[in-house]
Amino acid sequence: MPMSLHLAALKAPPVLLRAFVGSAAWPAAAQQAQQVPQAYSSSELVDTGHKFFGEMSTGLASAIERAASEYGQPNGYILGQEGSGAFLGGLRYGEGILYTRNAGNSRVYWQGPSFGIDFGGDGARTMILVYNLPSVQSIYQRFGGVNGSAYLVGGFGITALRQGDITLVPVRTGVGASLGVNVGYLKFTPQAT
């Protein structure tokens, strides 16, 4: 009897076998889809940036293309606003929303000091491209880097911050006056500090 039952199962229509195997594999496939970071294309980022930055977005496409050629396609991005001021040492504060394809959206805040030859102040709309982010919780740490800026009234600037395998590339359009080169870090938190 067990032998005939086994043979009958082997003769089951292929559709039923695929449905059975597919239903058994579904939880594993769903879990794998949540873990695999899905990248954003340059054209998607440029379209989002044009909507976010508005009329200030003249140099946005070239800034995003430059970041994509150097770092590839990001698996997340942050849209937000920030302000900074500096006289040799400086401070930067910002807030925004982290967008990911497979983990939803999360509000983030950032702040950090800078030290160097830096003078001025600015208010900026910021798009931060996020590379190799394994989970949303991984954004909540310090990212260090070197920043340079030179503009009067307005302009675009990009820089890179890194912590482990995660790279952040802020693309900023500023209003104000700023001139300098500095080293510093940004610390990201889930609440304002």
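Note that the coordinates shown come from a computational prediction; the quantities given were computed from them, not determined experimentally.

**Student:** Explain the overall build of the chain to me, please; I cannot follow it from the model alone.
**Tutor:** Check the secondary structure of the chain and you find four helices and five strands. Listing the helices and strands of the chain from first to last along the sequence gives α-α-α-α-β-β-β-β-β. Once local pairs closer than 6 in sequence are excluded, the contacts in the chain between residues at least 24 apart make up 71%. For the chain, the accessible area works out to roughly 10,800 Å², and carbon and sulfur atoms hold 62% of it.

**Student:** I tried to follow helix H4 (residues 60-71) on my own but got confused; where do I start?
**Tutor:** In an α-helix, one full turn covers 3.6 residues, which means residues spaced three or four apart are oriented alike. Over its twelve residues, H4 extends 16 Å from the first C-alpha to the last, a length consistent with the 16 Å expected when each residue adds 1.5 Å. Of the residues one or two after H4, Gly72 is the one with positive phi, at around 90°.

**Student:** Help me understand helix H3 (residues 42-53), please; the structure alone is not making it clear to me.
**Tutor:** If you check H3, its first and last C-alpha atoms are 16 Å apart, about what twelve residues at 1.5 Å a residue would give, namely 16 Å. Within H3, burial applies to Ser42, Leu45, Val46, Gly49, Phe52 and Phe53. Projected down its long axis, H3 shows its buried positions confined to an angular sector of 130°, all on one face. Positive backbone phi, at 65°, marks Gly54, one or two positions downstream of H3.

**Student:** Looking at this model, I keep getting lost on unusual backbone geometry. Mind explaining?
**Tutor:** What is expected of a backbone is that most residues other than glycine have negative phi and most peptide bonds are trans. A positive phi angle is found at Asn132, which is not glycine, with a value near 60°. Inspection of the secondary structure assignment puts Asn132 in the loop between strand E2 (105-131) and strand E3 (142-158).

**Student:** Looking at this model, I keep getting lost on the pattern of salt bridges. Mind explaining?
**Tutor:** Counted according to the given criterion, the structure contains three salt bridges. For Arg92, the salt bridge goes to Glu82, with nearest N and O atoms at 2.7 Å. For Arg92, a relative accessible area of 13% translates into the label buried. A relative accessible area of 6% places Glu82 in the buried class. Of the charged contacts, one joins Arg107 and Glu95 as a salt bridge, the two residues approaching to 3.3 Å between their closest N and O atoms. Of this pair, Arg107 sits in strand E2 while Glu95 sits in strand E1 (residues 76-100), placing them twelve residues apart in sequence.

What counts and what doesn't
- Residues numbered from 1 in each chain as written.
- Predicted model: local features only at pLDDT ≥ 70, side-chain atom pairs only at ≥ 80, totals over all residues.
- Heavy atoms only, no water.
- Helix = DSSP H or I, 4+ residues; strand = E, 2+ residues; numbered from the N terminus.
- Contact = heavy atoms within 4.5 Å.
- Areas by Shrake-Rupley, 256 points an atom, 1.4 Å probe, with all protein chains shown as cover.
- Expected span 1.5 Å × (residues − 1).
- Buried < 20%, exposed > 50% of the residue type's maximum accessible area, 1.4 Å probe, protein only.
- Arc of directions from axis to C-beta.
- Salt bridge = Lys/Arg side-chain N within 4 Å of Asp/Glu carboxyl O.

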